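# Survey of secondary and tertiary structure
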Amino acid sequence: MGALFFVLIIGYIGYGYYDEQFKPLNQPVMKIDGAVFNMDYYIKLLELYTQGQDTTEIPATADNLIEVIEYGEIIRRSSSDLGFAVSEEEVNSELKNSGLPNDKVYRDTMSSMLLASRLLQNYFDPKVPTECEQVKVKALFVESEEIAEIVADKLSAGDDFSSLAKEYSLESITKDKSGDLGWLPKDYTYVFLGDLADSLLKDIAFNLEPGMLSEPTYDGSVTKGIGYWLVEVIEKDEAKGSHARGILLGSRQEAEEIGARIEAGEDFGALAREYSQDSASREQGGDLGWIKQGGIGSRVVIGLALQLEPGVLSQPVVDDSVQAKGGYWLVEVVDRDDSRELDNETRSTIKMRLFEDWVNENRGKYSVETYLTEEQKSWAINRVLKDREQ
């Protein structure tokens, strides 16, 4: 009986150790079109990608690793569509040179890297020209045509574009760069303009000659970190606070125009539904609900709601805690070249973007399921950190 007891105890302890240390390694973290990637794969990849990293950087890498697995699998599956492949011998050679074990996770990684390198060099590089039409651009973005004209007058008087862009531009890219966007290659402006890729900026710039300043041009696609509120209190209650409605607009000029229409008798709710940029209240005709001191929301709106008497419409009040779309471009082309050479850095940036776009296009072809939980991610990080200590 005693011997059996010890056998059971050992079995129990052994199962507990397996359950804690090894069972999690077999748990799936994601599946791509039937291919399952488990926790063991995830941890080995985490160890590989965090070599040389400070321990504080490991959680950020762990957050991105699911996407790394997905991208790698897409590259391995889709490269053959473009006529590219790598052999077992090539992968074996890379593993040997890198000192990595002959394990699936490392084979996958090497295969993906070899394929990516070949695609970039032999497929995407030939697609990028060595020279193309380019313009050297300065730009700034303001909230209204009135302000755009004021800035244009200052430029005509000899004021410095960069200083004015730093002072007046409400769009983060042009403000941070003091208006100087450098050389923009035609057909590839979207690669270098970031959030402005879909704006009218590129169209304006390529229609100007060197030394020309554009007319103030409205662009409703650009987001800026400022807006203007019109607020009206419907009723007040000692316990509930103020029941208010509001309209968030893109400029003081627009807010003044909408305010005048409300004062002239137009329906507040209808105007809110048509013009307000506050997504939370727009469909409710601008209804902001009951607002109390210390409540959640814009400090500007709370302040107005508590100060105004019922039935009184506020003047337009600026709020730099919100985002609103719309404003006016002023663009100046400093120089233009119809066949300017693309330097190596610019070509590499374009080439990498074409590659990324190709990967993203192929993402939609595969079924992707992610199972990784925050608890599993923390367990994986702790496992990697513990292995480092040994």
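Above this text sits the structure in question.
Treat the numbers as computed from the prediction; the structure is a model and nothing was measured.

Cut-offs applied
- Residues numbered from 1 in each chain as written.
- Predicted model: local features only at pLDDT ≥ 70, side-chain atom pairs only at ≥ 80, totals over all residues.
- Heavy atoms only, no water.
- Helix = DSSP H or I, 4+ residues; strand = E, 2+ residues; numbered from the N terminus.
- Buried < 20%, exposed > 50% of the residue type's maximum accessible area, 1.4 Å probe, protein only.
- Contact = heavy atoms within 4.5 Å.
- Polar contact = N/O pair within 3.5 Å; in protein donor to acceptor, adjacent residues only side chain to side chain.
- Core = buried A, V, L, I, M, F, W, Y, C linked by side-chain atoms within 4.5 Å.

Quick look at unusual backbone geometry now. Not every positive phi belongs to a glycine, and Asp33 is a case in point at roughly 45°. Looking at the element boundaries, Asp33 is found in the loop between strand 1 (28-32) and strand 2 (35-38). By relative accessible area, Asp33 is classed as partly exposed at 37%.

What follows covers helix 2 (residues 39-49). Most of helix 2 sits out of view: eight of its eleven residues are buried. All of the buried residues in helix 2 are Met39, Tyr41, Tyr42, Ile43, Lys44, Leu45, Leu46 and Leu48. Buried residues in helix 2 make contact with strand 1, strand 2, helix 3 (58-78), helix 5 (104-124) and helix 15 (374-389). Measuring from the side-chain oxygen of the N-cap residue of helix 2 to the backbone nitrogen of Asp40 gives 3.2 Å; that N-cap residue is Asn38.

Another aspect to go through is the nonpolar core. Residues Val29, Tyr42, Leu46 and Phe355 are the most contacted members of the largest nonpolar core, which totals 47 residues. Within the residue set of this core, elements represented by two or more residues are strand 1, helix 2, helix 3, helix 4 (88-98), helix 5, helix 14 (344-363) and helix 15. With nine residues, helix 5 is the largest single contributor of residues to this core. Residues within four places of Val29 in sequence aside, it is in contact with Phe37, Asn38, Met39, Tyr42, Ile66, Glu369, Thr370, Tyr371 and Leu372.

These values are about where atoms sit, not about what they do.
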